[in-house]
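# Working through the structure, step by step
Here is how the chains run, residue by residue.
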Amino acid sequence: MPITNRIADFDADLTAWRQDLHAHPELAFQEFRTADVVAAKLEEFGIEVHRGLAGTGVVGTLRGNQPGDRVIALRADMDALPMPEENTFEHASKYPGKMHACGHDGHTTMLLGAARYLAETRNFAGTVRFIFQPAEEGGGGGEVMVREGLFEQFPAEEVYALHNVPGMPVGTFAGRVGPMMAATDEFDIVVKGRGGHAAMPHKAIDPVVIGAQIVGALQTITSRTADPIESLVVSITQFHAGSAYNVIAEEAVLRGTIRSFDPALRVLAGETLTRIATGIAAGLGGSAEVKLVRGYPSTRNHAAQLDKALRVAEGLVGPERVRGDIPPVMGGEDFAYMLEAKPGAYLFIGAGSAQGGRNLHQTHYDFNDEILPLGASYWAQLVETLLARE
Amino acid sequence: MPINNRIADFHTDLTAWRQDLHAYPELGFEEHRTSDIVAAKLAEFGIEVHRGLARTGVVGTLRGNQPGERAIALRADMDALPMPEANSFEHASKNPGRMHACGHDGHTTMLLGAARYLAETRNFAGTVHFVFQPAEEGGGGGQVMVEQGLFEKFPAEEVYGMHNMPGLPAGSFAGRVGPMMAATDRFDIVVKGRGGHAAQPHKTVDPVVIGAQIVGGLQTNTSRTADPVESLVVSITEFHAGSAYNVIAEEAVLRGTIRTFDPALRKLAEESLRTIAAGVAAALGGSAEITFLPGYPSTRNHASQLDKALSVAAKVVGPDNVIDDVAPTMGGEDFAYMLEAKPGAYIFIGAGAEVEGRKLHQVNYDFNDALLPLGASYWAQLVETVLARD
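Computed from a predicted structure; not experimentally measured.

## What to know about the overall build of chain A
Secondary structure assignment for chain A yields 11 helices and 16 strands. Expected size for 390 residues packed as a compact globule is a radius of gyration near 21 Å; at 23 Å, chain A falls within 12% of this value. Seen through its C-alpha atoms, chain A measures out along the principal axes to roughly 80 × 45 × 40 Å. A buried classification covers 56% of the 390 residues belonging to chain A. Considering only residue pairs separated by 6 or more positions, chain A has 81% of its internal contacts joining residues 24 or more positions apart.

This is the structure in structure tokens:
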């Protein structure tokens, strides 16, 4: 059962939809245009549409042509990232400082493609929910939808999701039982010094020097504090200080993220970060205010649902192109909240080469349109398999 | 010979002129209104006026009532700073984002006051040139005037400058032989890494970590590279990287300034900065592009002219109120270029207690009008002393 023929037939439509979304990226909880496009298409396909969960969330409900009690939910994410796009092709971002650099444009399109096919064929028994969530990138849109009653309003027995992965060949799928993605916490460190003239450092307490020493010392959380068997990432992704060549700033702002799988290490890393930042700042005569913001828990696949998902993938691309034992990755994913609420599985779909700055979150990334019919076929066949007619 | 009575008589005029200039601050090379006022007043006093050197520069030439071969030049600066003024008094800046926060309004007024007095009395032998320069604040207006032939068109044997200094008591003057102000160079370091997802540090080259290590490494420029008896400041005043918690940036931008007195150390500090930034970046798998922006050289007083200047100052305020060995400051001054071209002296005129928020370059600064007749008297008596009638 390779790519569904009917889906291959409208491949050109999928590419057009995806590139239109790519050109109009919207940040977390502001996916107004995107949600309008999604809702309009679902309605056009004849699918019942609900809007407003988590603000811009959209849920489509479709029943098969055979009655049934079983219900599953399929989820895609809609938001883009606050970063400038450096691609120059025609569908590059038209919104400065915003970019679909994680492929949510593609995720949304693949699920829309499956919805179109399934609405035409209805070749299943029971109910499928199409969940389009806002704010996967740090906004916790999935958590908000769950909290606002997603699975009470739209009961489902199981929930599934997909993410494209550059560096994995096109035509492959992968997953693993247990932790698949990391817990993602964020931190702000505000280093307080004392500003002054750049020519009089002795009258100032330089927050840039303190911040730099903190960045250096935070490397030891991974190298010295964590059990080397465990996985831990501490990334300081932002450093902001100063606005003139000849003025020492009052403060420096450092921001970043901590990624872990193990709950105990998650706590230890946060405590160590706080101790290092405040200790180094005090040692250099300044101070540091540390704010830890707990983010997504680790994304954990359930064994039975992962097995079903991998079987469907095997049917689509062949068993030799599906892996069920990949190493977990340190990225975060707020699908974790849905997997805490319902059994389910989260799979990677190979997106081809990551060369040339085309990895996720890079400024030259673009979703690989070649995989649109593959992903849509996976979704369609997952529904037709799990909700098989008798 | 304290404050000249005649100058004290028109203190009210001086205050009005100064506050008018304060209300209409203009940036480097854009001092159109200011130079119109300066030129009009000089012409009104009966002084020969030349305009156009360094665009908005004004030079007034006045001969004493006794013929003489000798000629000296007195210099004031006219430009303001690109910063918002926080004062609310009536003469606060009417040009948003621009402010006379360094007292050039007062410097210009003191020299105009002396010009008015000297034009009335002409009680000297030879020629005095009143030099009003644009763009002292980083624009190098003094350098441009010298390059455009200031001292060929207006030959002068000696040149003198003065700057108001909060922190020195009002009614005091101060100077020193040799280096008085620092050479002020600036630099940009663009650290190039490889961006990516914050959870996949192993696939990136993190420019924040490299930038932080460079900041740490650059401290050794002062602590390990410079001769400890020499003065050197390396301030990294700006550090900009990243725009999201979960994205490792492509690059980090560091900016700052290097201050030195010794020309050999100036060169060594630049070389060392380049070696450290490039070396640290390469060692961590990235690269660094370094742009070095040479600024003013060190401002150095000539012994015999400083002696004359301080002797005159001692007559105006008494020997107890003159400091001849004030510590040099690491600030910069483009009068340095005039002192490289001609022997001369640059002295500070005390501006009273240094109040936080009202220091030079701070938003609540205002020139102390009590100094106006003092400074003008110093200029007048300097002319009458250096160009004394037989």
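Next, the rest of the story.
## Focus on the overall build of chain B
What chain B contains, in helices and strands, is 11 helices and 16 strands. What you see for chain B is a C-alpha radius of gyration of 23 Å, in line with the 21 Å of a compact globule of 390 residues. With the C-alpha coordinates of chain B rotated into their principal frame, the extents come out at 80 × 45 × 40 Å. Expressed as a percentage of the 390 residues in chain B, the buried residues total 56%.

## A word on the domain arrangement of chain B
Residues and elements named next belong to chain B. Each assigned domain of chain B is listed with its residue range as follows: domain 1 (5-180 + 298-386) and domain 2 (183-293). Distance between the C-alpha centres of domain 1 and domain 2: 37 Å. The interface of domain 1 with domain 2 comprises five residues on the first partner and seven residues on the second. In terms of residue class, the side of domain 1 that touches domain 2 is made up of three nonpolar, two polar and no charged.

## Here we look at the interface of chain B and chain A
With 43 residues of chain B at the contact, the number on the chain A side is 50 residues. By residue class, the composition of the side of chain B that touches chain A is 19 nonpolar, 18 polar and six charged. In this structure, strand β10 (residues 232-241) of chain A lies alongside strand β10 (residues 232-241) of chain B, joined through three bridges in antiparallel fashion. Directly across from A:His240, in β10(B), lies its bridge partner B:His240.

## Quick notes on helix α4 (residues 104-121) of chain A
Here α4(A) spans 26 Å end to end across 18 residues, near enough to the 26 Å set by a 1.5 Å rise per residue. Along α4(A), 15 of the 18 residues are buried, which leaves the element largely enclosed by surrounding structure.

## Digging into the sheet that holds strand β6 (residues 173-174) of chain B
Residues and elements named next belong to chain B. On the basis of which strands lie adjacent, the open sheet formed by eight strands has the order β1-β2-β4-β3-β5-β16-β6-β15 and mixed pairing. Looking at the sheet topology across the chains shown, the edges are occupied by β1 (48-51) and β15 (322-323). Summarising the sheet, strand β3 (residues 66-77) and strand β5 (residues 158-165) pair through four bridges and their orientation is parallel. Across the sheet, the residue bridging to isoleucine 72 is glutamate 158, located in β5. Helix α4 (residues 104-121) rests against β2 (58-63), β3, β4 (125-133) and β5 of the sheet, and its axis sits at about 160° to β3.

## Considerations on helix α9 (residues 303-317) of chain B
Residue and element names in this part refer to chain B. Here α9 spans 21 Å end to end across 15 residues, near enough to the 21 Å set by a 1.5 Å rise per residue. Of the positions making up α9, those classed as buried are Gln305, Leu306, Ala309, Leu310, Val312, Ala313, Val316 and Val317. For α9, the angular spread of buried residues about the axis comes to 160°, placing them on one side. The elements touched by buried residues of α9 are β5, β6, β14 (299-301), β15, β16 (344-350) and α11 (372-386).

## Overview of the domain arrangement of chain A
All names here are of chain A. Segmenting chain A into domains produces domain 1 (5-181 + 298-386) and domain 2 (183-293). Using C-alpha coordinates to define each centre, domain 1 is positioned 35 Å away from domain 2. With five residues of domain 1 at the contact, the number on the domain 2 side is six residues. For the side of domain 1 that touches domain 2, the per-class residue count stands at three nonpolar, two polar and no charged.

## Section: the packing of α9(B) against α11(B)
All names here are of chain B. Taken N-terminus to C-terminus, the directions of α9 and α11 make an angle of 125°; their axes are 9 Å apart at the nearest point. The orientation of α9 relative to α11 falls into the category oblique. The two elements α9 and α11 cross, and the hand of that crossing is right-handed. Touching Lys308, Ala309, Val312, Ala313, Lys315 and Val316 of α9 are Leu374, Ser377, Tyr378, Gln381, Leu382, Thr385 and Val386, all from α11. A per-class count over the contact of α9 with α11 returns eight nonpolar, three polar and two charged.

## Concerning the sheet that holds β10(A)
Reading across from one edge, β13(A)-β8(A)-β12(A)-β10(A)-β10(B)-β12(B)-β8(B)-β13(B) is the order of the eight strands in this open sheet, with antiparallel pairing throughout. Lying at the two open borders of the sheet, with one neighbouring strand each, are β13 (287-293) of chain A together with β13 (287-293) of chain B. Adjacent strand axes in the sheet meet at a mean angle of 25°, parallel and antiparallel pairs treated alike. Where strand β8 (residues 183-192) of chain B meets strand β12 (residues 251-260) of chain B, 10 bridges bridge the pair, whose relative direction is antiparallel. By the bridge assignment, B:Asp185 is partnered in β12(B) with B:Ile258. Helix-sheet contacts for helix α8 (residues 263-283) of chain A involve β8 (183-192), β10, β12 (251-260) and β13 of chain A, and the interaxial angle to β13(A) is about 165°. Against the sheet, helix α7 (residues 207-225) of chain B makes contact with β10 of chain A together with β8, β10 and β12 of chain B, and its axis sits at roughly 170° relative to β10(B), the strand it touches most.

## Description of the confidence of the model for chain B
Mean pLDDT over chain B works out to 95, with 100% of the residues at or above the 70 mark. Complex prediction metrics read pTM 0.72 and ipTM 0.71.

## Concerning the nonpolar core
Core analysis: the biggest nonpolar cluster contains 239 residues, and A:Ile214, B:Ile214 and B:Ile347 have the highest contact counts within it. When neighbours within four sequence positions are excluded, B:Ile214 is seen to be in contact with B:Ile189, B:Val191, B:Leu254, B:Ile276, B:Ala277, B:Val280 and B:Ala281. Core analysis: the second largest hydrophobic core is formed by six residues, B:Leu81, B:Met99, B:Cys102 and B:Tyr365 among them.

## A word on the environment of A:Pro263
Along the chain, A:Pro263 falls in helix α8. Along the backbone, A:Pro263 and A:Gly149 are 114 residues apart, and their C-alpha atoms lie at a distance of 26 Å.

## So, the pairing of β5(B)
Residues and elements named next belong to chain B. Within β5, eight of the eight residues are buried, leaving the element largely enclosed by the surrounding structure. Going residue by residue along β5, you find Glu158, Tyr160, Met162 and Asn164 tucked away on one face and Val159, Gly161, His163 and Met165 tucked away on the opposite face as well. Sheet analysis places β5 next to β16, joined by seven bridges and oriented parallel. The residue of β16 that forms the bridge with methionine 162 is isoleucine 347.

## Here we look at the packing of α4(B) against α11(B)
All names here are of chain B. Contact geometry for α4 and α11: axes closest at 8 Å, N-to-C directions at 50°. Our classification of the angle between α4 and α11 gives oblique. When the axes of α4 and α11 are compared, the crossing they make is right-handed. In this structure, α4 contributes Gly106, Thr109, Met110, Leu111, Gly113, Ala114, Tyr117 and Leu118 to the contact, and α11 contributes Leu372, Gly375, Ala376, Trp379, Ala380 and Val383. Here the residues of the contact of α4 with α11 are counted per class, giving 10 nonpolar, four polar and no charged.

## Description of the pairing of β8(B)
Bridge analysis of β8(B) against β13(B) gives seven bridges, and the strand direction is antiparallel. Counterpart to B:Val190 in the pairing with β13(B) is B:Glu289.

About the thresholds
- Residues numbered from 1 in each chain as written.
- Chains lettered and ligands numbered in written order.
- Predicted model: local features only at pLDDT ≥ 70, side-chain atom pairs only at ≥ 80, totals over all residues.
- Helix = DSSP H or I, 4+ residues; strand = E, 2+ residues; numbered from the N terminus.
- Rg over C-alpha atoms; globule rule 2.2 N^0.38 Å.
- Buried ≥ 20, exposed ≤ 12 C-beta atoms within 10 Å, placed from the backbone.
- Contact = placed C-beta atoms within 7 Å.
- Domains from an automatic or database assignment.
- Nonpolar A, V, L, I, M, F, W, Y, C, P; charged D, E, K, R; others polar.
- Pairing = 2+ DSSP bridges.
- Expected span 1.5 Å × (residues − 1).
- Axes fitted to C-alpha atoms, helices over the stretch in contact; angles between N-to-C directions.
- Arc of directions from axis to C-beta.
- Parallel < 35°, antiparallel > 145°, perpendicular 65-115°, else oblique.
- Left-handed = near helix turned anticlockwise from the far one by under 90°.
- pLDDT = per-residue confidence, 0-100.
- Core = buried A, V, L, I, M, F, W, Y, C linked by C-beta atoms within 7 Å.

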